[in-house]
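Take a look at the letters that make up each chain.
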Amino acid sequence: MRAIGLWAPPVLRAALSTRFPELHPLPTLQELDACSPTLPLLLAGEGIGPSGWLLAALLRTPHPLRPLALLETRCTPLSVWIAREIGLNAILDLTRPSEEWEEILPRLARGEMAWRPDQIAQALAFDRALGWRLRRPSPRDWRRWRDLAAGLPPKALAARWGLSPAGVSRSLRRLADRLGAPGPEDLLGWGFALGIWVGPPGAPRLAPPLQAWRLLRAVGDPSAVKNWNTCISKP
């Protein structure tokens, strides 16, 4: 069987490569970068820096057809939807039984799509309910949504955006309309509940899956990757 490159935290990397011989450990970024663009890669989404989600965006940019899959400890509807949106070959859940891995990994090694039917259904359901809304905001809308999620008061928003208080109210109303929310106040908890914003409440940042999605959509704000080790949030 063809090998699959594995980018994951050391303990998980050792455990998985022992259990599944087709997984070839890639312990450093240099080894990952030196891989052939035809080698399928399995990237851990969380628990390692940089996140596999951001690496997926960086690795896909020069090689759009590179076979890539994400490994998550918990596949949320948002992460499944984004993995489908950016054309990943699969998203694997660590909590699923090993029999499922034994079915998916050979397909991934051949560079094939290896999605479970229930994941496809989940992604389509999320797209119908919320996905179309996330495609609508402009780069400026995303920046303003982040400022709102950070809990900035109206006066601070007005100063930051160069608007009058009335202009802030109109801008927030338009943002809520684009996202299909009843009102601006609903956007505060909604973004965190869906996993769109992560980090401390006063300094939220886009979740890694959404950062990857926006990078591959050629939209740099509100988050952009400065290099493979640092994620910078722009004002």
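Everything that follows concerns the structure shown earlier in this document.
Computed from a predicted model, the values in this text were never measured in an experiment.

1. Some points on the overall build of the chain
Here is step 1 of the chain: A tally of helices and strands in the chain yields eleven helices and nine strands.
Here is step 2 of the chain: Radius of gyration (C-alpha) of the chain: 19 Å, near the 18 Å computed for a compact globule of 235 residues.
Here is step 3 of the chain: The C-alpha extent of the chain, read off along each of the three principal axes, is 65 × 35 × 30 Å.
Here is step 4 of the chain: Counting every position in the chain, which comprises 235 residues, the buried fraction comes to 49%.
Here is step 5 of the chain: If you take every contact in the chain between residues at least 6 apart in sequence, the share linking residues at least 24 apart comes to 56%.
Here is step 6 of the chain: Of the roughly 10900 Å² of accessible surface on the chain, a fraction of 58% belongs to carbon and sulfur atoms.
Here is step 7 of the chain: Considering the chain, the positive charge centre built from 30 side chains and the negative charge centre built from 20 side chains are found 10 Å apart.

2. Concerning the packing of aromatic side chains
The geometry of an aromatic ring pair comes down to the distance between the two centres and the angle between the two planes.
Here is step 1 of the chain: One pass over the full model with this rule turns up eight aromatic pairs.
Here is step 2 of the chain: Taking 6.4 Å as the distance between ring centres and 70° as the angle between the ring planes, the aromatic pair formed by Trp-142 and Trp-213 counts as edge-to-face. A residue pair is termed long-range when its members are at least 10 positions apart, and Trp-142 in helix α7 (residues 139-149) and Trp-213 in helix α11 (residues 208-216) qualify at 71 residues.
Here is step 3 of the chain: Judged by its relative accessible area of 0%, Trp-142 falls in the buried class.
Here is step 4 of the chain: By the ring-pair criterion, three or more aromatic residues cluster together here, those being Trp-81, Phe-126, Trp-142, Trp-145, Trp-190, Trp-197 and Trp-213.
Here is step 5 of the chain: The aromatic ring of Trp-115 is capped on one face by Arg-84, whose charged end is 5.4 Å from the ring centroid.

3. Some thoughts on the packing of α7 against helix α9 (residues 165-179)
Between two packed helices, what matters for the description is the angle formed by their axes and the separation of those axes.
Here is step 1 of the chain: Running from N to C, α7 and α9 cross one another at 105°; their axes reach a closest spacing of 11 Å. The orientation of α7 relative to α9 falls into the category roughly perpendicular. On α9, the residues that touch Asp-141, Arg-144, Trp-145 and Leu-148 of α7 are Ser-171, Leu-172, Leu-175, Arg-178 and Leu-179.
Here is step 2 of the chain: For the contact of α7 with α9, the per-class residue count stands at five nonpolar, one polar and three charged.

4. Points about the packing of helix α4 (residues 77-85) against helix α6 (residues 117-134)
Here is step 1 of the chain: At a closest axis distance of 8 Å, the pairing of α4 and α6 adopts a crossing angle of 90°. Accordingly, the angle class assigned to the pair α4 and α6 is roughly perpendicular. Of the residues in α6, those touching α4 at Pro-77, Leu-78, Val-80, Trp-81, Arg-84 and Glu-85 are Gln-119, Ile-120, Gln-122, Ala-123, Phe-126, Asp-127, Gly-131 and Leu-134.

5. Quick word on the environment of Leu-41
Here is step 1 of the chain: Counting through the fold element by element, Leu-41 comes out in strand β3 (residues 41-44).
Here is step 2 of the chain: Residue contacts for Leu-41: discarding those within four places in its chain leaves Ile-4, Gly-5, Leu-26, Leu-32, Cys-35, Leu-59, Arg-66, Pro-67, Leu-68 and Ala-69.

6. Focus on the pairing of strand β4 (residues 68-72)
Here is step 1 of the chain: Among the five residues in β4, five count as buried, and that is most of the element.
Here is step 2 of the chain: The side-chain alternation of β4 yields two buried faces, one formed by Leu-68, Leu-70 and Glu-72 and the other by Ala-69 and Leu-71.
Here is step 3 of the chain: Judged from the four bridges that link them, β3 and β4 form a sheet pairing that is parallel. Across the sheet, residue Leu-42 finds its bridge partner in β4, namely Ala-69.
Here is step 4 of the chain: One ladder, built from four bridges, connects β4 with strand β5 (residues 90-93); its direction is parallel. Of the residues in β5, the one forming a bridge with Leu-70 is Ile-91.
Here is step 5 of the chain: Considered for its hand, the β-α-β crossover made up of β4, α4 and β5 is right-handed.

7. Structural notes on α4
Since the α-helix advances by 3.6 residues per turn, residues separated by three or four positions end up pointing in the same direction.
Here is step 1 of the chain: The set of residues buried in α4 consists of Leu-78, Ser-79, Val-80, Trp-81, Ile-82 and Ala-83.
Here is step 2 of the chain: Structurally, α4 contributes buried residues whose contacts are with α3 (52-60), β5, α6, α10 (184-194) and α11.
Here is step 3 of the chain: A positive backbone phi angle near 75° is found at Gly-87, which sits one or two residues after α4.

8. Overview of the pattern of salt bridges
Here is step 1 of the chain: Going through the model one piece at a time under the given rule, you end up with ten salt bridges.
Here is step 2 of the chain: Of the charged contacts, one joins Glu-100 and Arg-96 as a salt bridge, the two residues approaching to 2.8 Å between their closest N and O atoms.
Here is step 3 of the chain: Accessibility expressed as a relative area gives 13% for Glu-100, which makes it buried.
Here is step 4 of the chain: Residues participating in the shared-partner salt-bridge network are Arg-96, Glu-100, Arg-116 and Asp-118.

9. Details of the nonpolar core
Here is step 1 of the chain: Within the largest apolar cluster, 69 residues are counted, with the highest numbers of intra-cluster contacts made by Leu-43, Leu-134 and Trp-145.
Here is step 2 of the chain: Not counting residues within four places of it along the chain, the set of residues in contact with Trp-145 comprises Leu-134, Leu-175, Leu-179, Leu-187, Trp-190, Gly-191, Ile-196 and Trp-197.

Definitions and limits used
Residues numbered from 1 in each chain as written. Predicted model: local features only at pLDDT ≥ 70, side-chain atom pairs only at ≥ 80, totals over all residues. Heavy atoms only, no water. Helix = DSSP H or I, 4+ residues; strand = E, 2+ residues; numbered from the N terminus. Rg over C-alpha atoms; globule rule 2.2 N^0.38 Å. Buried < 20%, exposed > 50% of the residue type's maximum accessible area, 1.4 Å probe, protein only. Contact = heavy atoms within 4.5 Å. Areas by Shrake-Rupley, 256 points an atom, 1.4 Å probe, with all protein chains shown as cover. Lys, Arg positive; Asp, Glu negative; His and termini not counted. Charge placed at Lys NZ, Arg CZ, Asp CG, Glu CD. Phe/Tyr/Trp six-rings, centres within 6.5 Å; stacked < 30°, edge-to-face > 60°. Lys NZ or Arg CZ within 6 Å of the ring centre and 35° of its normal. Axes fitted to C-alpha atoms, helices over the stretch in contact; angles between N-to-C directions. Parallel < 35°, antiparallel > 145°, perpendicular 65-115°, else oblique. Nonpolar A, V, L, I, M, F, W, Y, C, P; charged D, E, K, R; others polar. Pairing = 2+ DSSP bridges. Right-handed = clockwise from strand over helix to strand, strands pointing away. Salt bridge = Lys/Arg side-chain N within 4 Å of Asp/Glu carboxyl O. Core = buried A, V, L, I, M, F, W, Y, C linked by side-chain atoms within 4.5 Å.

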